[in-house]
Amino acid sequence: MPRIKRCPFCHSTAHLVIDWNSKRINGYYGQYVICTLCSKRTKTETTSDQAIEEWNHHVLKKNIQLTLF
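Rules of the game
- Residues numbered from 1 in each chain as written.
- Predicted model: local features only at pLDDT ≥ 70, side-chain atom pairs only at ≥ 80, totals over all residues.
- Heavy atoms only, no water.
- Helix = DSSP H or I, 4+ residues; strand = E, 2+ residues; numbered from the N terminus.
- Buried < 20%, exposed > 50% of the residue type's maximum accessible area, 1.4 Å probe, protein only.
- Contact = heavy atoms within 4.5 Å.
- Areas by Shrake-Rupley, 256 points an atom, 1.4 Å probe, with all protein chains shown as cover.
- Pairing = 2+ DSSP bridges.

Labelled according to an unreviewed UniProt entry, the protein chain appears under the name Restriction alleviation protein, Lar family, originating from Holdemanella biformis.

A few words on the overall build of the protein chain. Counting its regular elements, the protein chain contains one helix and two strands. Tracing the protein chain from N to C terminus, the helices and strands come up as β-β-α. When burial is assessed residue by residue, the protein chain has 30% of its 69 residues classed as buried. Here the analysis covers contacts within the protein chain between residues at least 6 apart in sequence; of these, 34% occur between residues at least 24 apart. When the accessible surface of the protein chain is totalled, it reaches about 5,200 Å², and 52% of it is carbon and sulfur.

In terms of burial, strand S2 (residues 30-35) is largely enclosed, as six of its six residues are buried. Here strand S1 (residues 14-19) runs beside S2; their pairing, made up of six bridges, is antiparallel. Note on S2: the bridge partner recorded for Leu16 is Val33.

Looking now at the environment of Asp49. Structurally, Asp49 is set in helix H1 (residues 48-62). Along the backbone, Asp49 and Leu16 are 33 residues apart, and their C-alpha atoms lie at a distance of 9.8 Å. Beyond its immediate chain neighbours, meaning those up to four positions away, Asp49 contacts Met1 and Pro2.

Structural data, given as structure tokens:
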């Protein structure tokens, strides 16, 4: 299982959630990664690897570096 990167918005830790209350997707329960502080999350995926990959890609895509004067 890949390592879950920190949240790009608040830099807090994130964790994988298996949504046992959701409907199954292709026979699997939905899984997503969510930030423990600001509650940003990925869309629901069918496997943990897909959810983590989506989160880690989200981190790279949305991470914006600001220059302060």
